[in-house]
Amino acid sequence: MMLMPDHERFDTSHPDLCPSLRWKGQFISTEHDPTVPPTNDGLFWCMHTQTCIGPDGELAEPGNCKHSGRSCHGCK
């Protein structure tokens with residue numbers, strides 16, 4: 001099993017990120033401050049399951065939710 005680096009695992013700027021993925025940073029309306037380091041706290045959840053596990057039983061986080069080939073990617 002190959003481990004994904006944290007900067008890739010928690011990158012929320014990927015253009016194909018699943019629209020069902022949520023994280024607390026989405027709900028903070030402040031300007032980006034480059035002097036503040038990212039928390040990378042890993043608190044992500046799927047809006048369909050309301051847990052950290054997606055409808056397909058896999059972990060819901062940016063590194064796993066950026067592939068449109070995932071069975072639940074963008075499900076409604």
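Quick note: structure is the one above.
What this report covers is the structure whose coordinates are included nearby. Predicted, not measured: the structure shown is a model, and the values here were computed from it.

Calculation criteria
Residues numbered from 1 in each chain as written. Predicted model: local features only at pLDDT ≥ 70, side-chain atom pairs only at ≥ 80, totals over all residues. Heavy atoms only, no water. Core = buried A, V, L, I, M, F, W, Y, C linked by side-chain atoms within 4.5 Å. Buried < 20%, exposed > 50% of the residue type's maximum accessible area, 1.4 Å probe, protein only. Helix = DSSP H or I, 4+ residues; strand = E, 2+ residues; numbered from the N terminus. Polar contact = N/O pair within 3.5 Å; in protein donor to acceptor, adjacent residues only side chain to side chain. Contact = heavy atoms within 4.5 Å. Phe/Tyr/Trp six-rings, centres within 6.5 Å; stacked < 30°, edge-to-face > 60°.

Observations regarding the nonpolar core
Working step 1: One finds Phe10, Leu17, Cys18, Leu21, Trp23, Phe44, Cys46, Ala60 and Cys65 forming the largest nonpolar core, which totals nine residues.
Working step 2: Residue assignment for this core shows that the elements contributing at least two residues are strand 1 (21-23) and strand 2 (44-46).

With respect to the environment of lysine 24
Working step 1: If you trace the backbone, lysine 24 turns up in the loop between strand 1 and strand 2.
Working step 2: With 19 residues separating them in the primary sequence, lysine 24 and leucine 43 have C-alpha atoms 7.2 Å apart.

Observations concerning the side chain of lysine 66
Working step 1: Inspection of the secondary structure puts lysine 66 in the segment after strand 2.
Working step 2: Among the polar contacts listed, one links the side chain of lysine 66 to the side chain of glutamate 8, at a separation of 3.3 Å.
Working step 3: Residues in contact with lysine 66, not counting those within four places in the same chain, are Glu8, His14, Asp16, Leu17 and His73.

Structural notes on the packing of aromatic side chains
Working step 1: Under the defined criterion, the tally for this structure stands at three aromatic pairs.
Working step 2: Note on tryptophan 23 and phenylalanine 44: the rings are 6.0 Å apart at their centroids and 55 degrees apart in plane angle, and the pair reads as tilted. Here tryptophan 23, found in strand 1, pairs with phenylalanine 44, found in strand 2; they are 21 residues apart in sequence, far enough to count as distant. Take tryptophan 23 and phenylalanine 44: they sit in the same class, and that class is buried.
Working step 3: Consider the rings of phenylalanine 27 and tryptophan 45, whose centres lie 6.3 Å apart with planes at 20 degrees: the pair is stacked. A residue pair is termed long-range when its members are at least 10 positions apart, and phenylalanine 27 in the loop between strand 1 and strand 2 and tryptophan 45 in strand 2 qualify at 18 residues.
Working step 4: Ring pairs connect the aromatic residues Phe10, Trp23 and Phe44, which therefore count as one cluster.

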